Amino acid sequence: MTILLTGGAGYIGSHTCLELLRAGHQVVVVDNLSNSHAKALDRVRKLAGKDLVFHREDLRDALAMERIFSTADITAVIHFAALKAVGESVQKPLLYWDNNVTGTLVLLEQMEKAGVRTMVFSSSCTVYGDPASVPIREDFPLSAVNPYGMTKLTCERILGDIYRGDPAWNVALLRYFNPVGADPSGEIGEDPNGIPSNLVPYITQVAIGKHPEVLVYGNDYPTPDGTGVRDFIHVTDLSIGHLRALERLEACPGFLVCNLGTGRGYSVLEMIKAMEQASGRKIPYRIAPRRSGDVAEAWADPSRARAELGWSATRGLDQMCEDAWNWQVKNPEGYGGGS
Ligand code: UD1
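Quick caveat: nothing in here was measured; it's all calculated off a predicted structure.

A tally of regular secondary structure across the protein chain gives 11 helices and 14 strands. What you see for the protein chain is a C-alpha radius of gyration of 19 Å, in line with the 20 Å of a compact globule of 339 residues. Expressed along its principal axes, the backbone C-alpha trace of the protein chain runs to roughly 55 × 45 × 40 Å. Split into buried and exposed, the 339 residues of the protein chain put 54% on the buried side. Total accessible area on the protein chain is roughly 14,200 Å²; 50% of this is exposed by carbon and sulfur atoms. Side-chain charges of the protein chain comprise 33 positive and 40 negative groups, with the mean position of each set lying 2 Å from the other.

Right, here's the structure in full:
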């Protein structure tokens, strides 16, 4: 298959490119590089020993997108391209709506024009808002507590409407839990803009000495050690989930919603301990007030993905930490340093 990846140079996108190439697919990437690096794609090419096509374009540029669809015989689209910082989305809601929702609308229009009707959409467990219980199943009520979450939920709704309007469409909504880690080569990984707001990149930057300590946002949650609990999932497992979703849509067309998580939660303190183990370094931390908008615990019921996609996560916490640390050590400045 020839797969178009929007946002293919980003963190999850680049890992998925690699797995697609390894599985023998052709890959076309569209990315505006607003929060990613072309270097990631060079490294993907090197790791896979195969080429891919890269277009530096913005999804909102309909003419550019039309050109891209006309130059390749695309079978399906995996749509990663989006802005994803919750805090920034509160400050700049228009930017988020335009980038995430307008971008998706333009992409869908161009897909329709080109007769490409298979889409795997990068959604998030953020669409469950503050879940009433855990583990979280796909049929739980949906809500959004910030503009970022609202854009993801809106795109899910748009895709649902499109499928209901024309069941020739094939759609998989994949709701990711907390992706962490990196390809074991340490050649590609997460390279956040500025100071990371997510836990694991922040921890690895503390371990390498860029920040003095981790701030643990709250130790008074109703969880075993009082700190937040999340379903951390290795980015390679997550990427492979996209391949399984594509295969499933090919074999059995339709509309599918799946959680991609491990089904197991770890607390912030457990994650710090596991990273100390992986790095062999002491990681100082300090308890700070809760971060507004955070939920106490969120982990997936992954049984639908197992049943529908034949997929489950196989990489454990130790590997997530080893691979995240390996990437951090080999690339202390992310893609900005080295070759
Ligand atoms: C966050 C977003 C979520 C988004 C996901 C994308 C929020 C509220 N949620 O998920 O919508 O889909 O990123 O990656 O921003 N923590 C600390 N110290 C830190 C950073 C985090 O204690 O410096 C804690 C948090 O309070 C939380 C856990 O670590 O309990 C995980 O945080 P994070 O990595 O930011 O992910 P989420 O908040 O789950």
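Close to the ligand lie 16 residues; Leu199, Leu215, Arg230, Arg291 and Asp294 are nearest. Tyr217 places a main-chain nitrogen or oxygen 2.9 Å from an oxygen atom of the ligand. Here the shell around the ligand takes 3 residues from strand E8 (residues 214-217), the largest share from any one element.

The next point concerns unusual backbone geometry. Note the cis peptide between Val134 and Pro135, where omega equals -5°. By the element assignment, Pro135 lies in the loop between strand E5 (118-124) and helix H6 (147-165). The residue Leu33 is not glycine, and still its phi comes out positive at about 60°. Structurally, Leu33 is set in the loop between strand E2 (26-31) and helix H2 (38-48). The exposure class assigned to Leu33 is buried, which follows from its relative accessible area of 17%.

What follows is about helix H8 (residues 235-251). Between its first and last C-alpha atoms H8 spans 25 Å; for 17 residues at 1.5 Å apiece the expected length is 24 Å, and the two agree. Most of H8 sits out of view: 13 of its 17 residues are buried.

Attention now goes to the packing of helix H1 (residues 11-22) against H8. One can describe the packing of H1 onto H8 by two numbers: an axis separation of 9 Å at closest approach and a directional angle of 60°. By the criterion of interaxial angle, the relationship of H1 to H8 is oblique. The handedness of the crossing between H1 and H8 comes out as right-handed. On H8, the residues touching Tyr11, Ile12, His15, Thr16, Glu19 and Leu20 of H1 are Val235, Thr236, Leu238, Ser239, Ile240, His242, Leu243 and Leu246. Class assignment of the residues belonging to the contact of H1 with H8 gives a composition of 8 nonpolar, 5 polar and 1 charged.

Turning to the sheet that holds strand E3 (residues 53-56), a few remarks are in order. Pairing in this open sheet of 7 strands is parallel, and the strands run E3-E2-E1-E4-E5-E6-E11 from one edge to the other. Each edge of the open sheet carries a strand with a single partner, namely E3 and strand E11 (255-260). Each strand axis lies, on average, 15° off the axis of its neighbour in the sheet, ignoring direction. Here strand E6 (residues 170-176) pairs with E11 via 6 bridges, running parallel. Within E11, the position partnered with Arg175 by the bridge is Asn259.

This part takes up the sheet that holds strand E14 (residues 297-298). Spatial strand order, E12-E9-E14: 3 strands in an open sheet with mixed pairing. Bordering the open sheet on either side are strand E12 (266-267) and E14, each of which pairs with just one other strand.

One pass over the structure, following the stated rule, counts 2 aromatic pairs. With centroids separated by 5.0 Å and ring planes inclined at 55°, the aromatic side chains of Trp327 and Tyr335 adopt a geometry described as tilted. Its relative accessible area of 5% is what places Tyr335 among the buried residues.

Here we take up the packing of helix H7 (residues 199-207) against helix H9 (residues 268-279). Two elements in contact, H7 and H9, have axes separated by 11 Å at closest approach and are oriented at 45°. In this view, H7 runs oblique relative to H9, as classed from their interaxial angle. H9 is crossed by H7, and the crossing has right-handed handedness. Where H7 abuts H9, its residues Leu199, Val200, Ile203, Thr204 and Ala207 lie against Val268, Met271, Ile272, Met275 and Ser279. Looking at the contact of H7 with H9, its residues break down into 8 nonpolar, 2 polar and no charged.

The rules we used
Just so you know, the residues in each chain are numbered from 1, in the order the chain's sequence is written. Reporting of local features is limited, given that this is a predicted model, to residues whose pLDDT is at least 70; pairs of side-chain atoms are given and counted only at 80 or more, and all residues count toward the totals for whole chains, interfaces and linings. The basis for the side-chain values is all heavy atoms of the structure; hydrogens and waters are excluded. Secondary structure is summarised from DSSP: a helix means a run of H or I of at least four residues, a strand means a run of E of at least two, and numbering begins at the N terminus for each. Only C-alpha atoms enter the radius of gyration; for comparison, a globular chain is expected to reach 2.2 Å times N to the power 0.38, where N is the number of residues. Buried, partly exposed and exposed residues are distinguished by accessible area as a fraction of the type maximum, computed with a 1.4 Å probe on protein chains only: under 20%, between the cut-offs, and over 50%, respectively. For every accessible area listed, the method is Shrake-Rupley and the probe measures 1.4 Å; residues are considered covered only by the protein chains on display. All tallies of charge rest on Lys and Arg as positive and Asp and Glu as negative; His and the ends of each chain are not included. Note on charges: their place is set at NZ of Lys, CZ of Arg, CG of Asp or CD of Glu. One heavy atom within 4 Å of a molecule or strand is enough for the residue carrying it to be called near that molecule or strand. Here a polar contact is recorded for every N or O atom pair within 3.5 Å, except that within protein the pair must consist of a potential hydrogen donor and a potential acceptor, and residues adjacent in sequence are included only if both atoms are side-chain atoms. Helix span, as expected, comes to 1.5 Å for every residue beyond the first. Where helices are involved, their axes are fitted lines through C-alpha atoms of the stretch in contact, as for all axes, and angles between N-to-C directions lie from 0 to 180°. Working rule for angles: under 35 degrees goes down as roughly parallel, over 145 as roughly antiparallel, 65 to 115 as roughly perpendicular, anything else as oblique. Should the near helix be turned anticlockwise from the far one by less than a right angle, the crossing is left-handed, and should it be turned clockwise, the crossing is right-handed. We call two residues in contact whenever any of their non-hydrogen atoms come within 4.5 Å of each other. Each residue gets one of three labels, nonpolar for Ala, Val, Leu, Ile, Met, Phe, Trp, Tyr, Cys and Pro, charged for Asp, Glu, Lys and Arg, and polar for the others, Gly among them. A pair of strands is labelled paired if DSSP reports no fewer than 2 bridges between them. Only Phe, Tyr and Trp rings are paired, with Trp represented by its six-membered ring, and only when their centres lie within 6.5 Å; those with planes under 30 degrees apart are stacked, over 60 edge-to-face, the remainder tilted.

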